[in-house]
Amino acid sequence: MGMGLVAAAPKERQVESAPAFGPVTPGEWGAGAPSHRSETGEWAIDLRNVDKMYRGKVHALRGIEMRVKKGEVFGLLGPNGAGKSTLVKILMTVIAPTRAEGTMLGQPVGHKPTLARVGYLPEHHKFPEYLTGAQVVEFYAALAGVDRATRKKRTPELLELVGMKDWGNKKVGGYSKGMRQRVGIAQALGTNPDLVVLDEPTDGVDPVGRREIREMLTRIKEEGRTVFLNSHLLSELEMVCDRVAILVQGKVKSQGTIEELTVKRQVYEIEVAALGADGVEGLVAALEGKQAARMLAGRVEAAPLGSAAGVNIAKRVGIRGQLASGEEVEVDHGTVRIATVDAERIQPTLDALRGAAYVIKSVKANRPSLEDLFMEAVTDPETGKALGPGAKKEGGAK
Amino acid sequence: MTSTWALVLDAYRDLNSKKLFWITLVISGLIVLAFAAIGVNEQGVTLLHWQISDFGGTVTSDTIPPAMLYKSIFSNFGIAFWLAWGASILALISTAGLIPSFVQGGAVELVLSKPITRVRLFLTKFACGLLFTTLQVAVFTFACFLVIGLRGKSWEPSVFLAIPLVVIFFSYLYSICALIGLVTRSTIAALLLTLLAWFGLFLVNFGDAAMIGMREAAKTNVENLEKSVARHERFATRQWEQLWLTRNTKDLPDGAPKPTPPKPPVAELDEAVPTLRDERRKLAEQQQMAQRMELFATAAVGLKTVLPKTGETIDLLSRTLRDRMNLPGDDSDTETSNESQPPDQARTVNFWNQRDPEESRKLQQRIDGEFKKRSVWWVLGTSLLFEAVILAIACIVFVRRDF
Ligand SMILES: Nc1ncnc2c1ncn2[C@@H]1O[C@H](COP(=O)(O)OP(=O)(O)O)[C@@H](O)[C@H]1O
Ligand SMILES: [Mg+2]
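Residues numbered from 1 in each chain as written. Chains lettered and ligands numbered in written order. Predicted model: local features only at pLDDT ≥ 70, side-chain atom pairs only at ≥ 80, totals over all residues. Heavy atoms only, no water.

*Asks:* Looking at this structure, how should I read the packing of helix 6 (residues 118–152) of chain B against helix 13 (residues 376–400) of chain B?
*Replies:* Packed helices, taken two at a time, are described by the angle their axes make and the gap between the axes. Residues and elements named next belong to chain B. Orientation of helix 6 relative to helix 13, taken along the N-to-C sense of each, is 130°, at an axis distance of 9 Å. For the element pair helix 6 / helix 13, the angle class is oblique. As for how helix 6 packs across helix 13, the hand of that crossing is right-handed. Contacts between helix 6 and helix 13 involve Arg 118, Val 119, Leu 121, Phe 122, Leu 123 and Phe 126 on the former and, on the latter, Glu 387, Leu 391, Ala 394, Cys 395, Phe 398 and Val 399. (Axes fitted to C-alpha atoms, helices over the stretch in contact; angles between N-to-C directions. Helix = DSSP H or I, 4+ residues; strand = E, 2+ residues; numbered from the N terminus. Parallel < 35°, antiparallel > 145°, perpendicular 65-115°, else oblique. Left-handed = near helix turned anticlockwise from the far one by under 90°. Contact = heavy atoms within 4.5 Å.)

*Asks:* Quick question: what am I supposed to make of the pattern of salt bridges here?
*Replies:* Where charged atoms from two side chains of opposite charge come close, those side chains can pair. Residue and element names in this part refer to chain B. Counted according to the given criterion, the structure contains 36 salt bridges over all chains. Note that Glu 294 is salt-bridged to Arg 215, the shortest N-O span being 3.4 Å. Taken together, the residues Glu 294 in helix 10 (residues 274–306) and Arg 215 in helix 8 (residues 187–249) connect sequence positions 79 residues apart. For Glu 294, a relative accessible area of 33% gives the class partly exposed. The class of Arg 215 is buried, set by a relative accessible area of 8%. Three or more residues are tied together by salt bridges with common partners; here these are Arg 215, Glu 216, Lys 219, Glu 223, Glu 294, Arg 366, Glu 370 and Lys 373. (Salt bridge = Lys/Arg side-chain N within 4 Å of Asp/Glu carboxyl O. Buried < 20%, exposed > 50% of the residue type's maximum accessible area, 1.4 Å probe, protein only.)

*Asks:* Please explain the state of the cysteines as it appears in this structure.
*Replies:* What is meant by a disulfide is a covalent connection between two cysteines, made through their sulfur atoms. Residue and element names in this part refer to chain B. Applying the stated criterion across every chain, the model contains zero disulfides over all chains. Not engaged in a disulfide, the cysteine Cys 177 finds its nearest cysteine sulfur in Cys 128; these two sulfurs lie 14 Å apart. Looking at Cys 177, the relative accessible area reads 1%, which means it is buried. (Disulfide = S-S within 2.5 Å.)

*Asks:* Can you help me understand the sheet that holds strand 6 (residues 118–121) of chain A in this one?
*Replies:* Residues and elements named next belong to chain A. In spatial order, the strands read 6-7-8-3-9-10; together these six strands make up an open sheet with mixed pairing. Only two strands of the sheet have a single partner each, and these edge strands are strand 6 and strand 10 (251–257). For this sheet the average axis-to-axis angle between neighbouring strands, irrespective of direction, equals 15°. Two elements, strand 9 (residues 243–248) and strand 10, share six bridges in a ladder whose sense is antiparallel. Bridge assignment links Arg 243 to a residue of strand 10, and that residue is Thr 257. Those strands touched by helix 2 (residues 84–91) are strand 3 (73–77), strand 6, strand 7 (195–199), strand 8 (226–231) and strand 9, and its axis lies near 145° from that of strand 8. Its contacts with the sheet put helix 5 (residues 177–188) on strand 6 and strand 7, and the angle it makes with strand 6 is roughly 165°. (Pairing = 2+ DSSP bridges.)

*Asks:* Just to check I follow, could you spell out helix 3 (residues 66–95) of chain B for this structure?
*Replies:* Three- or four-residue spacings in an α-helix give side chains the same orientation, since the helix completes a turn every 3.6 residues. Under the 1.5 Å per step criterion, the end-to-end length of helix 3 of chain B is only 36 Å for 30 residues, more than 12% shorter than the ideal 44 Å. When the local axis directions of helix 3 of chain B are compared, the greatest deviation, roughly 50°, occurs at Trp82(B). (Expected span 1.5 Å × (residues − 1). Bend = angle between axes of the 7 residues up to and from the residue.)

*Asks:* How do you make sense of the sheet that holds strand 2 (residues 44–47) of chain B when you look at a structure like this?
*Replies:* In sheet architecture, strand pairing relies on hydrogen bonds along the backbone and comes in two forms, parallel and antiparallel. Residues and elements named next belong to chain B. Read across the open sheet, the three strands follow the order 1-2-3; overall the sheet is antiparallel. Each end of this open sheet is capped by a strand with a single partner; those strands are strand 1 (38–41) and strand 3 (50–53). When strand polarity is set aside, the average angle formed by the axes of neighbouring strands in this sheet is 40°. Sheet topology note: the strand 1/strand 2 ladder contains four bridges and is antiparallel. Opposite Asn 41, over in strand 2, you have Gly 44 as the bridge partner.

*Asks:* What's the story with the domain arrangement of chain A in this structure? I'm lost.
*Replies:* By convention, interface size is frequently given as the accessible area that disappears when the constituent parts associate. With domains assigned, chain A is organised as domain 1 (43–256) and domain 2 (262–371). Distance from the C-alpha centre of domain 1 of chain A to the C-alpha centre of domain 2 of chain A: 43 Å. (Domains from an automatic or database assignment.)

*Asks:* Any chance you could explain the coordination of the magnesium ion (ligand 2) here in plain terms?
*Replies:* Residue and element names in this part refer to chain A. Those donors, Ser 85 (OG), Glu 123 (OE) and Glu 123 (OE), are the protein atoms that reach the magnesium ion (ligand 2), and they lie 2.0 to 2.8 Å from it. Remark: Glu 123 occurs in the loop between strand 6 and helix 3 (133–143) and Ser 85 occurs in helix 2; sequence separation between them is 38 residues. The buried category is assigned to Ser 85, whose relative accessible area is 14%. (Donors = N, O, S within 2.8 Å, 3.2 Å for Na, K, Ca; no water.)

*Asks:* What is the right way to read helix 2 (residues 20–37) of chain B from this model?
*Replies:* Spanning 18 residues, helix 2 of chain B covers 25 Å between terminal C-alpha atoms, matching the ideal 26 Å at 1.5 Å per step. Here the buried face of helix 2 of chain B lies against helix 1 (2–18), strand 1, strand 2, helix 3 and helix 6 of chain B.

*Asks:* In this structure, what is going on with the site of ligand 1? I would like to understand it.
*Replies:* Residue and element names in this part refer to chain A. Lining the immediate environment of ligand 1, one finds 13 residues, of which Gly 81, Gly 83, Lys 84, Ser 85 and Thr 86 sit closest. Here ligand 1 has 560 Å² of accessible area as a free molecule, and 69% of this is covered by the chains. For the shell around ligand 1, the element with the highest residue contribution is helix 2, accounting for three residues. Its residues assigned to classes, the shell around ligand 1 comprises six nonpolar, six polar and one charged. (Near = heavy atom within 4 Å. Areas by Shrake-Rupley, 256 points an atom, 1.4 Å probe, with all protein chains shown as cover. Nonpolar A, V, L, I, M, F, W, Y, C, P; charged D, E, K, R; others polar.)

*Asks:* Got a minute to help me understand the interface of chain A and chain B in this structure?
*Replies:* On the chain B side, the residues contacting the 32 residues of chain A number 26 residues. Taken as a group, Lys112(A), Tyr130(A) and Leu143(A) account for 27% of the area that chain A buries against chain B, more than any other trio of residues on that side. At the boundary of chain A with chain B, the tally comes to one salt bridge. Note that Asp402(B) is salt-bridged to Lys52(A), the shortest N-O span being 2.6 Å. (Buried area = accessible area lost by both parts, 1.4 Å probe.)

*Asks:* I would appreciate a short explanation of the domain arrangement of chain B in the present structure.
*Replies:* All names here are of chain B. When its domains are assigned, chain B resolves into domain 1 (2–195 + 377–400) and domain 2 (208–249 + 258–316 + 340–374). The C-alpha-based centres of domain 1 and domain 2 are spaced at 45 Å. Contact residues are listed per partner, giving 14 residues for domain 1 and 13 residues for domain 2. Summed over both sides, the interface of domain 1 with domain 2 buries roughly 1200 Å², with 84% coming from carbon and sulfur. The largest contributions to the domain 1 side of the interface with domain 2 come from Trp 378, Val 379 and Phe 386, which together make up 46% of the buried area. Secondary-structure elements contributing two or more residues to the side of domain 1 that touches domain 2 are helix 3, helix 7 (162–184) and helix 13. Per-element tally for the side of domain 1 that touches domain 2: the top contributor is helix 13, with six residues.

*Asks:* I would appreciate a short explanation of the side chain of Asp402(B) in the present structure.
*Replies:* Among the structural elements, Asp402(B) can be located in the segment after helix 13. Judged by its relative accessible area of 17%, Asp402(B) falls in the buried class. A distance of 2.6 Å separates a polar atom in the side chain of Asp402(B) from a polar atom in the side chain of Lys52(A). When residues no more than four places from it in sequence are discounted, the contact partners of Asp402(B) are Lys52(A), Tyr54(A), Val94(A), Ile95(A) and Ala96(A). (Polar contact = N/O pair within 3.5 Å; in protein donor to acceptor, adjacent residues only side chain to side chain.)

*Asks:* Help me understand the confidence of the model for chain B, please; the structure alone is not making it clear to me.
*Replies:* Regions with low pLDDT carry predicted coordinates that are not meant to be interpreted in detail. All names here are of chain B. Averaged over all residues, the pLDDT of chain B is 85; the fraction at 70 or higher stands at 92%. Between residues 330–342, whose pLDDT stays under 50, and residues either more than four places distant or in other chains, the model counts eleven contacts. This complex was scored by the predictor with a pTM of 0.80 and an ipTM of 0.79. (pLDDT = per-residue confidence, 0-100.)

*Asks:* Which parts of the structure should I look at to understand the nonpolar core?
*Replies:* Buried together is how nonpolar side chains tend to be arranged in soluble globular proteins. Ranked by internal contacts, the top residues of the largest apolar core, which has 159 residues, are Phe228(A) and Phe74(B). The residues contacting Phe228(A), other than those within four sequence positions of it, are Ile45(A), Met66(A), Val68(A), Phe74(A), Leu76(A), Leu87(A), Val88(A), Leu195(A), Val196(A), Val197(A) and Leu198(A). Counting 18 residues, the second largest nonpolar core, distinct from the first, contains Val329(A), Val331(A), Val336(A) and Ile346(A). (Core = buried A, V, L, I, M, F, W, Y, C linked by side-chain atoms within 4.5 Å.)

*Asks:* Hey, could you run me through the confidence of the model for chain A in this one?
*Replies:* Within chain A, residue pLDDT values average 78, and 78% of them lie at 70 or more. pLDDT under 50 marks residues 394–398 of chain A. Its contacts with residues more than four places away, or in other chains, come to seven contacts.

*Asks:* How do you make sense of unusual backbone geometry when you look at a structure like this?
*Replies:* For residues other than glycine, phi is negative in most cases, and the peptide bonds are mostly trans. Positive phi, normally seen in glycine, also occurs at Ala357(A), with a value near 70°. Turning to its location among the elements, Ala357(A) is positioned in the loop between helix 11 (347–355) and strand 16 (360–366). We note that Lys153(B) has phi near 55°; this positive angle belongs to a residue other than glycine. As for its placement among the helices and strands, Lys153(B) is situated in the loop between helix 6 and helix 7.

Now the structure itself:
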């Protein structure tokens, strides 16, 4: 089933052969990329090797590889300081990349005329307070070269779309945060763009407003535009994004549809009723005997993060190993977890357990939520602690 | 074009929201009204319909015709005082914020993300600042043109020369203001540092004038002393020769040809007229002084060549207007030469403290002559070059910055 999804998008290479437990090793997914030229028609954004070293020697982006399909809502997810805004600003030519290969709307990154076809809502934007909402929409459209007649026609429509029709003639200085955000979205659409780049569009907006913004995004997508969205709010992305990328400390940890990202992390949990006198060792022996599974010795310390954040899959507790058929397995007290999406693959294990006279209490297929993936991505595999916010300073501990 | 117009409109809205643009315009208007209220008739100066004073009979419509009065007020007060100082400071205050508010975080990202190159963005913003100053100057000048025409009955299109020259003058300062505003992103810093730079330019200008003045004073002294030394020498030589002749002819028989006296030895001349030695010493001193001042003046001129010439740009305007409008300048050409013996000592003039009005008038003439030698192209060209360099630096800073 997971394979089927992958086959549907063969060029994307989102599915990685990453270990199910523990974070994904970055940089693997890009191997064997097909010729990029043949793809330019399909991708709204196609980035390779985007690097940014700020003047203060902050290495904010370290070789970003990312593709956004035309017509989709793409979410860029990452903790504060991951480099999301930095990436967006490079796309919008607000900052210069240290290195950037790739295209946006078929033109190389940094190509100014292309920006007429891109709408942008910056993070922490401050519109001139002396402008009214309508003037904001018109002003930025005019800067992109939209003629007066078109501006006059589009502005009321856009204000209507974002629910600001009655406020269009009031000064921005008197707007609430949520209203500014709405006007900002209207402004981003002022040029009738093919691609809309929104940096934290729901920042500072109340839950009702967020829902409305999500609906706006869906409408924008229905108009045939590509939406590139930037957020640290997971639930938001889960609800609207077709595909997401998880950015941590300047690197893309994983990307794909939420389905793909979660399905490949699916785990079957087999819970036995009671452990025998040998405890966990008995369980391991049963697996090793009948299954020829290779279990690694030693117990991994319980990860504090796992229990605290309610992550039920990334708990690094118990004994890990590999089944003869290749699946990763983990034995944790009375639970055996097998990383697979294929129910058939767990049958030999069930047989082995039953053969050793264990009573199977439950078998569950467990899929991580986006939040689980996110927490996993931001967890340092060595310490089990969440990676600190922000990029590391160059020359500091690597 | 759409985008340029949008930027201009935005700059207008920005200035409009700060009210200062209008305040400046209102003050300009009041000054013009006051200008129009002043008049002159047979009895003297009037304000509206009140007779004020005739300044002891020196200022009536007979001595100063109304046209002359208005023109000279415009050129002496309107330009030199209001446009070059008051209005420029107000224009700086009202436009200093344009660039800082433009590059403010949160506001600049959207503008940069538009399909306009950064150089064009920056230069357009800079031009907007100048444009609104131009409007101010134009309104004021036009109003003054009307006052001179209606009240002075003299239509003088040359007053409009004030618009380009004052704007050029302002643009030197505004380029500095724009660069500082861009680098510091602070209106206050841009304003204060620009005023400081302006003051610095004023000092350089002052230093230059002082150096030239002292050099010319020293040169005048050298010339005077040279003449005086020559005079003394002649006088001493005559004295010495008479002495020599009386000494050498008393024994000669009558009718014998008079022997020509030999060239007198310098030491004996000095002995004959003791002040000659003093004059020689003073001459040597002044020659040394002139040399030193020449060095300083050259350094000052060199420094000025690379800096904008604010003072001289305005002087250029005032001078041109005086010429065009046939106003009496401050230079009259009355050369007087009084060759008076016996040799009194040459008066050495001091640039700072000239007691002799005749000497100081001559000195002033020489100094003015020196400044007149500076061509329009030197004054405007090198200043505009300075401005171009500042703008180029600002463009580079703007293009390279990560916002
Ligand atoms: N102008 C800048 N100069 C230096 N460092 C910066 C600058 N902007 C951002 N950074 C650093 O780059 C990293 C990424 O920042 P940012 O892209 O804003 O993260 P995000 O949007 O994901 O929260 C952070 O460590 C931040 O401190
Ligand atoms: Mg951000």
